[in-house]
Amino acid sequence: MQAINASVGFDRKMWRQDIRGSLAHAAMLAHVGIIGADDEAAIRDGLAAIAAEIESGAFAWSEALEDVHMNIEARLTERIGEAGKRLHTARSRNDQVATDFRLWVRDAMDGLAAQMEDCIRAFVQRAEEHAGTIMPGFTHLQPAQPTTFGHHLLAYAEMLWRDRGRMLDARARLNADCPLGAAAMCGTGFPTDRHMTAAALGFDGPARNSLDAVGSRDFAMEFLAACAICATHLSRLAEEIVLWTNPAWGFVKLGDGLTTGSSIMPQKRNPDAAELVRGKTGRITGALVGLLTVVKGLALTYAKDLQEDKEGVFDAAESLTLCLAATAAMVRDMTPDVGRMAAAAGGGFSTATDLADWLVRELKLPFRDAHHVTGRLVAKAELMGVELTGLTIMEMREVEPRIHEGVFGVLSPAASVASRRSFGGTAPDNVRAQVAGWRERLA
Ligand code: ARG
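Conventions we followed
Residues numbered from 1 in each chain as written. Predicted model: local features only at pLDDT ≥ 70, side-chain atom pairs only at ≥ 80, totals over all residues. Heavy atoms only, no water. Helix = DSSP H or I, 4+ residues; strand = E, 2+ residues; numbered from the N terminus. Rg over C-alpha atoms; globule rule 2.2 N^0.38 Å. Buried < 20%, exposed > 50% of the residue type's maximum accessible area, 1.4 Å probe, protein only. Contact = heavy atoms within 4.5 Å. Areas by Shrake-Rupley, 256 points an atom, 1.4 Å probe, with all protein chains shown as cover. Lys, Arg positive; Asp, Glu negative; His and termini not counted. Charge placed at Lys NZ, Arg CZ, Asp CG, Glu CD. Core = buried A, V, L, I, M, F, W, Y, C linked by side-chain atoms within 4.5 Å. Near = heavy atom within 4 Å. Nonpolar A, V, L, I, M, F, W, Y, C, P; charged D, E, K, R; others polar. Pairing = 2+ DSSP bridges. Salt bridge = Lys/Arg side-chain N within 4 Å of Asp/Glu carboxyl O. Axes fitted to C-alpha atoms, helices over the stretch in contact; angles between N-to-C directions. Parallel < 35°, antiparallel > 145°, perpendicular 65-115°, else oblique. Left-handed = near helix turned anticlockwise from the far one by under 90°. Phe/Tyr/Trp six-rings, centres within 6.5 Å; stacked < 30°, edge-to-face > 60°. Lys NZ or Arg CZ within 6 Å of the ring centre and 35° of its normal.

1. Looking at the overall build of the protein chain
Thought 1: Each helix and strand in the protein chain was counted, giving 19 helices and six strands.
Thought 2: Relative to the 2.2 N^0.38 estimate, which gives 22 Å for 443 residues, the radius of gyration of the protein chain is 30 Å and therefore markedly larger than a compact globule would have.
Thought 3: Viewed in the frame of its principal axes, the protein chain has a C-alpha envelope of about 100 × 55 × 40 Å.
Thought 4: Across the 443 residues in the protein chain, those meeting the buried criterion constitute 49%.
Thought 5: Residue pairs at least 24 apart in sequence account for 76% of intrachain contacts in the protein chain once pairs closer than 6 positions are excluded.
Thought 6: Split by element, the accessible area of the protein chain, about 20000 Å² in all, is 54% carbon and sulfur.
Thought 7: Once the 47 positive and 56 negative side-chain charges of the protein chain are each reduced to a mean point, those two points are 3 Å apart.

Here it is in structure tokens:
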């Protein structure tokens, strides 16, 4: 029974939150006269001493005492006697754990949102350096159109900015209601002041329904959903870093500090950090699915099933912290091979769209006809084993007699990216303007 029932092995992570909640509860009990001021003072001193014990590693955690709440309460009574036994008046472990866990998740949300901002700073910095660094852009992972490395990195800044927003939106909902004082499930007959404890713990107010207060965990689900989406975004960059650092691509190099060697193949520089960011996404998404499954079909209100809410959340928070730190480090560290990227950007007939657009502008062809003419020119170039820039004007005129020398002005990747000035487009000037916007947003 003890082995399946005890949670102290993992929920002791919430000891600070448990003490904070108890201090707020004791202050309220004294304020409304449920316990004496002398009891409250003894509780305060006792909890401070226990915090020091835990901090120093001297605290003896006991599995027999089940969870963090009973461990701390038992030690308090051991230290201060009678007063310690009064602390649990008008409260239950059901509202206590719901409060502690919210406080823990709230701190994790703040920490992760700050890390996301740091990651965005890294993207913005590198995007500024590489606003004009041309690279191939892909759809279907096939060469599509030339883009810039800066524009590519800022795409991730956008994703992470929404991830940060999602985290803060979830935080606002988590913080709306404090469960403390809902007691076991139906509230209490004691004249408590739940507004006071809610304010002391930084919540907007007390939870309006005591059954919901002790029985709901959607704040943790939302947290995990926000974590899983962010990890999913990071996994896409991680996959790109794995591709880019492969010598066959050779777009980017990572320093020795962020790669590993092989014990047998001396030439290897493995992008383990990127692989782990990609891989940890699995466990973070697993934690979300796990919690949804734990709560699915659970009749109101509290049931011990809900004790299974914590490990996945702790693990997801820690995993995402690592993923964000590793990503920011890789983004700051990576050295793009500007020459190889530019050369690759010129391959795969990547400026075919620019050619079709030129036919529309200069020869007034309808876009569908221009698309067809361009297709024939690409086929011809492919047959001859050259890029579009390798065709002579005579060869082009065999396909469309009105084509003139002006066409060469749009066939280079540099001309292609410079021309894409539409709002949100890849032109280096656009990227520089976006960098300036990001600097303001982050300030
Ligand atoms: N360890 C429990 C949990 O994490 C605390 C709440 C226990 N409540 C109860 N009625 N047994 O959920």
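2. Section: the nonpolar core
Thought 1: Grouped together as the largest cluster of nonpolar side chains are 97 residues, with contacts concentrated most on Val105, Phe123, Phe223, Trp244, Leu320 and Leu324.
Thought 2: Contact partners of Leu320, with chain neighbours within four places excluded, come to Leu112, Met116, Cys227, Cys230, Ala231, Leu234 and Ile284.
Thought 3: Membership of the second largest hydrophobic core comes to 22 residues, among which are Leu388, Met396, Ile403 and Leu411.

3. A few points about the site of the ligand
Thought 1: What surrounds the ligand is the set Ser7, Asp11, Asp67, His69, Arg93, Asn94, Val97, Tyr302, Gln307 and Lys310.
Thought 2: Protein coverage of the free-state accessible area of the ligand, which is 340 Å², stands at 86%.
Thought 3: A per-element tally of the shell around the ligand places helix α7 (residues 93-129) first, with three residues.
Thought 4: Across the shell around the ligand, the residue classes break down as two nonpolar, four polar and four charged.

4. Structural notes on the pairing of strand β2 (residues 142-148)
Thought 1: Sheet topology places strand β1 (residues 134-139) next to β2; six bridges connect them, and they run antiparallel. In the strand pairing of β2, Phe138 is matched with Pro143.
Thought 2: Hairpin connection, β1 to β2: the antiparallel pair is bridged by two residues, and His140 has positive phi, about 55°.

5. Topic: the side chain of Asp354
Thought 1: By the secondary structure assignment, Asp354 is in helix α15 (residues 352-363).
Thought 2: By relative accessible area, Asp354 is classed as buried at 5%.
Thought 3: Those residues in contact with Asp354, other than ones at most four positions away along the chain, are Val410, Ser416, Ser419 and Arg420.

6. Re the pattern of salt bridges
Thought 1: Evaluation of the coordinates by the stated rule reveals 27 salt bridges.
Thought 2: Arg16 serves as the salt-bridge partner of Glu55, at 2.9 Å between the closest nitrogen and oxygen. Of this pair, Glu55 sits in helix α4 (residues 37-56) while Arg16 sits in helix α3 (residues 15-31), and the two are 39 residues apart along the sequence.
Thought 3: Note on Glu55: relative accessible area 53%, which makes it exposed.
Thought 4: In this structure, Arg93 engages Asp67 in a salt bridge whose closest nitrogen and oxygen atoms are separated by 2.7 Å. With Arg93 in helix α7 and Asp67 in the loop between α4 and α5 (68-80), the pair connects residues that are 26 residues apart, well separated along the chain.
Thought 5: Given a relative accessible area of 4%, Asp67 falls into the buried group.

7. Concerning the packing of helix α8 (residues 149-174) against helix α19 (residues 428-442)
Thought 1: Axis separation between α8 and α19 bottoms out at 10 Å; the angle between their running directions is 30°. The orientation of α8 with respect to α19, classified from their angle, is roughly parallel. Of the two elements, α8 crosses α19, and the hand of that crossing is left-handed. Contacts from Gly150, His151, Leu154, Ala157, Glu158 and Trp161 in α8 reach Val431, Gln434, Val435, Trp438, Arg441 and Leu442 in α19.
Thought 2: Residues of the contact of α8 with α19, tallied by class, amount to seven nonpolar, three polar and two charged.

8. Details of the packing of aromatic side chains
Thought 1: Applying the stated criterion to the full structure yields nine aromatic pairs.
Thought 2: Considering the side-chain rings of Phe59 and Trp61, the 4.5 Å spacing of their centres and the 55° angle between planes classify their relative orientation as tilted.
Thought 3: Phe59 sits in the buried class, given a relative accessible area of 8%.
Thought 4: Between Phe149 and Trp244, the aromatic rings sit 5.5 Å apart at their centres with planes inclined by 70°, giving edge-to-face as the arrangement. One end of the pair, Phe149, is in helix α8; the other, Trp244, is in helix α11 (residues 218-245), and 95 residues separate them in sequence. Grouping residues by exposure puts Phe149 and Trp244 together as buried.
Thought 5: Site record: aromatic cluster; members linked through ring pairs are Phe101, Trp104, Phe219 and Phe314.
Thought 6: Lying across the ring of Phe314, Lys13 places its NZ or CZ 5.7 Å from the centre.
Thought 7: Taking the ring centre of Phe101 as reference, the NZ or CZ of Lys310 above it sits at 5.6 Å.

9. Let's talk about unusual backbone geometry
When glycine is set aside, most residues are seen to have a negative phi, and most peptide bonds are trans.
Thought 1: The peptide bond linking Leu300 to Thr301 adopts the cis configuration, its omega dihedral lying at 0°.
Thought 2: The topology assignment puts Thr301 in the loop between α12 (272-295) and α13 (310-333).
Thought 3: Even without being glycine, Ala90 reaches a positive phi, approximately 60°.
Thought 4: Examined against the element boundaries, Ala90 turns out to sit in the loop between α6 (82-86) and α7.
Thought 5: The backbone of Leu141 sits at a positive phi, close to 55°, despite the residue not being glycine.
Thought 6: Checked against the element boundaries, Leu141 lands in the loop between β1 and β2.
Thought 7: The class for Leu141 is partly exposed, based on a relative accessible area of 48%.

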